[in-house]
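An overview of the molecular structure
What follows is the residue order along each chain.
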Amino acid sequence: MPTYNEAAYENAIIALFEGMGWTHVYGPDVGRDFTSPLYDAVLQDSLRRLNPALPEEAIQDALHRLRNFEIGELTQKNAVFMDYLQAGVPVRYFVGGEERSGIVCLADYRDVDNNSFIIANQWTVVEHSTKRPDVLLFLNGLPVVVMELKSPSRDQTDASEAYLQLRNYIQEIPSLFIYNAICVMSDQLISKAGTITSGEDRFMEWKTRDGEGEDQAFAAFDTFFEGMFRKARLLDLIENFICFSNEGTKRKKILAGYHQYFAVKKAVESTRR
């Protein structure tokens, strides 16, 4: 009987996402600068598509800001990026010699189909060392989700090992996590999501696809991924359900749990009625 290894699980995840309309890209097939985690060609095309009324100078200013963050620790840089992602990148450009200001949108939260959704595996990033996270999800060329997968068939390996690997990535390739919205650790039996500041105990399962029924005990791996990462759901989570708070001297990034997400959605709908 063949072993269900991490590569097989990775392929199962990719097939699941392709079934949800995501485009798959195999990292080694993409010619790019390995010192940048961005899918730069897709990012440039996406910014032009999303901001047709703005001149190329404005697009280039936004790209410069996305590629070059001011000195600061990772959480601060990530907070700036999340503001860009949720509200747009403020830019300046000239028209007829007159300086103007504008906002370059990084995502279209009203028209799902106006965005690029790519799932990539084995995406190499070179920084303090060379690392290849198992799976990245790119929204318009931005690596907003990092997934670390472990095989449930391997002894002494589980989702906790995936969490430790994510922490290692944050130390070794921190530039990837400037652009991160959600981190995922999964061994198929247990799949949980958190943020760059989440301790392992703060990573949460997602036990429902639509808020109507809930998987008891541990959620099936497809419930978790379909519940969180259908295109419209991911956009909604990014736009409305990720924020930062200060706990003492530390800034924490918070991702809503599934029960909070659906409670808010139901409350909003009730208010509308």
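Residues numbered from 1 in each chain as written. Predicted model: local features only at pLDDT ≥ 70, side-chain atom pairs only at ≥ 80, totals over all residues. Heavy atoms only, no water.

Once that is clear, we can look at the packing of aromatic side chains. Think of a pair of aromatic rings as described by two things: how far the centres are apart, and how the planes are tilted against each other in angle. Tallied over the full model, the rule gives 16 aromatic pairs. Note on Phe 17 and Trp 22: the rings are 5.4 Å apart at their centroids and 80° apart in plane angle, and the pair reads as edge-to-face. By the burial criterion, Phe 17 is buried, and Trp 22 matches it. Taking the centre distance of 6.0 Å and the plane angle of 65° together, the rings of Phe 17 and Phe 225 count as edge-to-face. Highlighted residues: Phe 17 in helix H1 (residues 6–19) and Phe 225 in helix H7 (residues 221–229), separated in sequence by 208 residues. In this structure Phe 17 comes out as buried when scored by relative accessible area, which is 0%. The class for Phe 225 is buried, based on a relative accessible area of 0%. (Phe/Tyr/Trp six-rings, centres within 6.5 Å; stacked < 30°, edge-to-face > 60°. Buried < 20%, exposed > 50% of the residue type's maximum accessible area, 1.4 Å probe, protein only. Helix = DSSP H or I, 4+ residues; strand = E, 2+ residues; numbered from the N terminus.)

Paired through their backbone hydrogen bonds, the strands of a sheet run either parallel or antiparallel. Strand order in the open sheet formed by 6 strands is S1-S4-S7-S8-S9-S10, and the pairing between neighbours is mixed. For this open sheet the edge positions go to strand S1 (23–26) and strand S10 (191–194), each flanked by a neighbour on one side alone. With strand direction ignored, the average angle separating the axes of adjacent strands in the sheet is 20°. Packed onto the sheet, H1 meets S1, strand S4 (117–121), strand S7 (135–139), strand S8 (142–149), strand S9 (182–186) and S10 and runs at close to 140° relative to S8. (Pairing = 2+ DSSP bridges. Axes fitted to C-alpha atoms, helices over the stretch in contact; angles between N-to-C directions. Contact = heavy atoms within 4.5 Å.)

It is worth spelling out the pattern of salt bridges at this point. A full pass over the atoms with the stated rule returns 6 salt bridges. In this structure, Glu 56 and Arg 48 form a salt bridge, with 2.8 Å as the shortest nitrogen-oxygen distance. Judged by its relative accessible area of 38%, Glu 56 is partly exposed. For Arg 48, a relative accessible area of 32% corresponds to the partly exposed category. (Salt bridge = Lys/Arg side-chain N within 4 Å of Asp/Glu carboxyl O.)

With that out of the way, let us pick up the environment of Glu 161. In this structure, Glu 161 sits in helix H5 (residues 159–172). We classify Glu 161 as partly exposed; its relative accessible area is 37%. With 111 residues separating them in the primary sequence, Glu 161 and Arg 272 have C-alpha atoms 44 Å apart.

Let us now look at the packing of H7 against helix H8 (residues 231–240). The contact between H7 and H8 brings their axes to 5 Å, and the two run at 65°. On H8, the residues touching Gly 227, Met 228 and Phe 229 of H7 are Lys 231, Arg 233, Leu 234 and Leu 237. Split by residue class, the contact of H7 with H8 holds 4 nonpolar, 1 polar and 2 charged. (Nonpolar A, V, L, I, M, F, W, Y, C, P; charged D, E, K, R; others polar.)

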